[in-house]
Structure formats: structure tokens, C-alpha cells
Amino acid sequence: MSQRRIMNDKLELLSPAGDMERLEMALCYGADAVYLAGTEFGMRASAGNFDSDQLQKAVALAHSMERKVYVTCNTLPREDELVRLPEYLEMLDASGVDAVIVADMGVIAMTKKYAPRVKLHVSTQFGVINSAAANALYDLGADTVVLARETPLEDIRKIRANTPKELRLEAFVHGAMCVSFSGRCLLSNYLTGRDANRGQCAQPCRWKYHLVEEKRPGEYFEITEDGGTYILNSRDMNMIEHLPELIDAGVTSFKIEGRMKSAYYAAVVTNAYRHAIDDALAGRPVDPLWIEETEKVSHRPYTTGFYYGYPGQHYAEASYATGADVAAVVESCDDNGEAVLYQRNKFSLGDELELLTPDGAPVKFTPERMYNADGEEIADTRHAMMEIHMRLPKYAPRLSIIRKCR
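Conventions adopted
Residues numbered from 1 in each chain as written. Predicted model: local features only at pLDDT ≥ 70, side-chain atom pairs only at ≥ 80, totals over all residues. Heavy atoms only, no water. Salt bridge = Lys/Arg side-chain N within 4 Å of Asp/Glu carboxyl O. Helix = DSSP H or I, 4+ residues; strand = E, 2+ residues; numbered from the N terminus. Buried < 20%, exposed > 50% of the residue type's maximum accessible area, 1.4 Å probe, protein only. Phe/Tyr/Trp six-rings, centres within 6.5 Å; stacked < 30°, edge-to-face > 60°. Lys NZ or Arg CZ within 6 Å of the ring centre and 35° of its normal. Patch = residues over 30% accessible without salt bridge, like charges linked within 9 Å, V, L, I, M, F, W, Y side chains within 5 Å. Areas by Shrake-Rupley, 256 points an atom, 1.4 Å probe, with all protein chains shown as cover. Polar contact = N/O pair within 3.5 Å; in protein donor to acceptor, adjacent residues only side chain to side chain. Contact = heavy atoms within 4.5 Å. Pairing = 2+ DSSP bridges. Axes fitted to C-alpha atoms, helices over the stretch in contact; angles between N-to-C directions. Core = buried A, V, L, I, M, F, W, Y, C linked by side-chain atoms within 4.5 Å.

Peer 1: Any chance you could explain the pattern of salt bridges here in plain terms?
Peer 2: Two side chains of opposite charge can pair, provided their charged atoms sit close to one another. Evaluated as defined, the whole model comprises 28 salt bridges. The partner of Arg-274 in a salt bridge is Asp-278, and the shortest N-O contact between them spans 3.3 Å. Of this pair, Arg-274 and Asp-278 both sit in helix H10 (residues 263-281), separated by 4 residues, roughly a single helical turn. According to the relative accessible area criterion, Arg-274 is buried, its value standing at 0%. Residue Asp-278 is classed as buried on the basis of its relative accessible area of 14%. In this structure, Glu-354 engages Lys-296 in a salt bridge whose closest nitrogen and oxygen atoms are separated by 3.2 Å. With Glu-354 in strand E15 (residues 353-356) and Lys-296 in the loop between helix H11 (288-293) and strand E12 (302-303), this pair connects stretches of sequence that are 58 residues apart.

Peer 1: What is the right way to look at the packing of aromatic side chains in this model?
Peer 2: The geometry of an aromatic ring pair comes down to the distance between the two centres and the angle between the two planes. Counted according to the given criterion, the structure contains 1 aromatic pair. The lysine or arginine in question, Arg-149, covers the ring of Phe-172, its NZ or CZ lying 3.9 Å from the ring centre.

Peer 1: Got a minute to help me understand a nonpolar patch on the surface in this structure?
Peer 2: A contiguous nonpolar surface patch, about 370 Å² in accessible area, is contributed by Tyr-190, Leu-191 and Trp-207. Within the secondary structure layout, Trp-207 lies in the loop between helix H8 (187-192) and strand E8 (211-212). Judged by its relative accessible area of 35%, Trp-207 is partly exposed.

Peer 1: Can you walk me through the side chain of Asp-143 in this structure?
Peer 2: Relative to the helices and strands, Asp-143 is located in strand E6 (residues 142-146). A polar contact of 3.3 Å, which involves the side chain of Asp-143, links it to the side chain of His-121. Not counting the four nearest positions on each side in its chain, Asp-143 is found in contact with Lys-119, Leu-120, His-121, Glu-166, Leu-167 and Arg-168.

Peer 1: Explanation requested: the sheet that holds E15 in the structure shown.
Peer 2: Paired through their backbone hydrogen bonds, the strands of a sheet run either parallel or antiparallel. Strand order in this open sheet of 8 strands is E16-E15-E20-E13-E14-E19-E17-E18, and the pairing throughout is antiparallel. The two strands at the open ends of the sheet, each matched to only one other strand, are strand E16 (363-365) and strand E18 (377-378). In this structure, strand E13 (residues 324-333) lies alongside strand E14 (residues 338-343), joined through 5 bridges in antiparallel fashion. Within E14, the position partnered with Ser-332 by the bridge is Val-340. In the packing of H10 onto the sheet, the strands contacted are E13, E15 and strand E20 (401-405), and the crossing angle to E20 comes to about 90 degrees.

Peer 1: Whenever I open this one, the nonpolar core confuses me. Can you help?
Peer 2: Note on soluble globular proteins: their nonpolar side chains tend to be buried together. Counting 82 residues, the largest nonpolar core has Val-34, Leu-36, Cys-73, Val-145 and Leu-246 as its most contacted members. Dropping the residues within four chain positions of it, Val-145 is found in contact with Val-122, Val-128, Ala-134, Leu-137, Leu-167, Arg-168, Leu-169 and Glu-170. Among the nonpolar cores identified, the runner-up in size contains 18 residues, and Val-330, Phe-347, Met-386 and Ile-388 belong to it.

Have a look at this one:
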């Protein structure tokens, strides 16, 4: 796996890890730290998440690469859950995790008591948007505050100027945004009984809405000339072209959203931001190649969030676009490029493919021969997760990606 590090260890690229596969991808493609959830108290209940054994393996792997693991504990626990929290925090402390991400004053106090070796990161759910809040949390023992996504860039600059230099400022740079302030939304709970503040959001802000008149139940009236409207639908954030401004403003940790996203997403977005951060620290403009890479993952129309003003909604539709599909993942490869792959989506001889590795630009190629696990020559990869033997255009380490561009 790649051992690339950023040139300034005061800055951090933080990537999502919904399960072990996504954790490996994030670390392989250049994350300095990953954030994930245990089996309770996390804001993404339907992600794969990690039980105590998996968590220990995740920490061991990350620490072997000199990377860090942060665990989300950012739901707002009710009284019946609170009694389970001490044992859970003690397990996190014993597992060697580097930090716990919290959003509740009581959880802050309990973390200090039951997980004293673990650093405190205050979640974006807390809604930190000014230096007074940041300073108060620092006085309570916070190592890092994750700023509210609604914080303008100029306010970040002022927060940095008015807080201790030891306090790390973390900010989101990429991924989905929420229509509600810092994700504190009751819409999903109200409409479906699934509470967003308990990690179960049904995302009703992405639904298509019509009007229904009180005395005409079941009769849907168009809101726009094209029918319904996605009136609450937000765009996705993409700040890859603006990292120098964030660095200058004092952001310490650059956070990618997406614990519910695919392993392919974790790899490609982490890889793009890894190169973009390195470019920024070297005084180079970001290579357009890495900007283009962010178009090759599933996403809604992009915006720069609230950093430069109101981001605007996206009312037209709620679908995702992507510029590429993952075709296979490399399991092993020799110096001549002879590789063993595992299929993710069907592809055929004659298809134009790209090889993405952690260390360089994607390489286009067209496969001339492919073989299955029995050594039989094949024309396509029609079976899910099948083993494929194929020559690549260059050596590719494990977890390199083969994809088809659209």
C-alpha cells in the first residue's frame, strides 16, 4: 500500500471508512486518517460499521501505516442508551483509537472519564460556527472542532485568529450536504419515523414533491410546468480547486464526506485530494487531472458550499451522475504487469479501460487477452466477483482499480 505522506504533518486528509474494504482503499490512496463508526452511537446506522474485533483490526492496520483512526460517537443518546455508553467508551479506549467524534456535552464528559487516552473531536453536529464556541470546547478538552458546514471562509479565518493554535480546525471539503443546519433535521423522523439524529435518515430532502389539496386526496397537482419539484434537494460540495484558500484560512484537517459511499468513491476522491493537497503545499496549482477525477465518482451537481456565500439548491432532479464505473480491483501484480483481478462490473475485450493506481495519473489501455481462474481465455467478465487474469500496462499494487469511463 502507498506510504505517501503530506509534506506538512500539521495538515491532514481525513477520509470516510464505512467498512474494512473502504478503510483499506482510503489508506491505500493517501488518507492520513479515517473516520468510522462502531456498532452504536454513530450517525450512519446503515453503513457497514465495525464491531470490536473489526475495530481492533482497523486500528492495527492504520497504525502500521502511521495513520490514525477516529470513531464517531455523535448521536445524541437518550437515557436508556446512556447506560451502555461507559462500556462502549472503555472498549474504544482499549482498542487504541486516536479520537472520538462527539456532539453532546454529556458524552464529552463521559469520554474524558471512560476513555482518557482518546482525543476529543467535536462533531459538525455540534454546530460550531464561531470562536467563542470553539474556545469553550477547547477549555473542556477538545483537541479538534469540526466546523459547521455553514461557516464562511472569512469566518474560519477569524476563528483561527481567535483560538489557541493547539486547537485543530477541521472542515468538510467534499461530499453530500444537508438542507438543515449541521445536519440537525427532524424531517425524516416526521415523515418516516427514521431519525436523522440517530443515524437513520431516509433523506426525504431528495424526494420529488407535488401539492395535494385537502378535499382531493390522491390527486397530485404539479408545482412546476414539468411536474413535481425537488425543492429541498442540495448540491454536493467540491472544494478541490480551493484548498490553498482553506490552508491560508487555518484549516488543519480536510474532511471527505461519504461513509455510505462505495469503496471506489473512497479511493478516487481520497486520491484526488491527496494530490491536490500536495500540489497546494508545493505552491503548484492543482493539476486539472485531479479535478476531473472528482467527476468520475457518483455525485450530484457540485458547489463550493457556504464558503463563498449561499450555495443554491438543485431543484431539477435528485439523480447522481458519474463519469466512470469500476470494472475490477487488482489483487496482485508482478513487475511485468501480469495481474490477478476481481470483477466488480462486466467489461469485455476491446473496451477502453483506465488503470488507476495510488501513485500516478490514470493510464488508458485496451485488454487484448483475459483468462478466468481455470486459465481459459474469455471474451468478457460476466460473472460477479469472478477472478480474472490479465496483463496491465504497468505494475499495479494491490487495490489498484480498473474502470470504464463513460
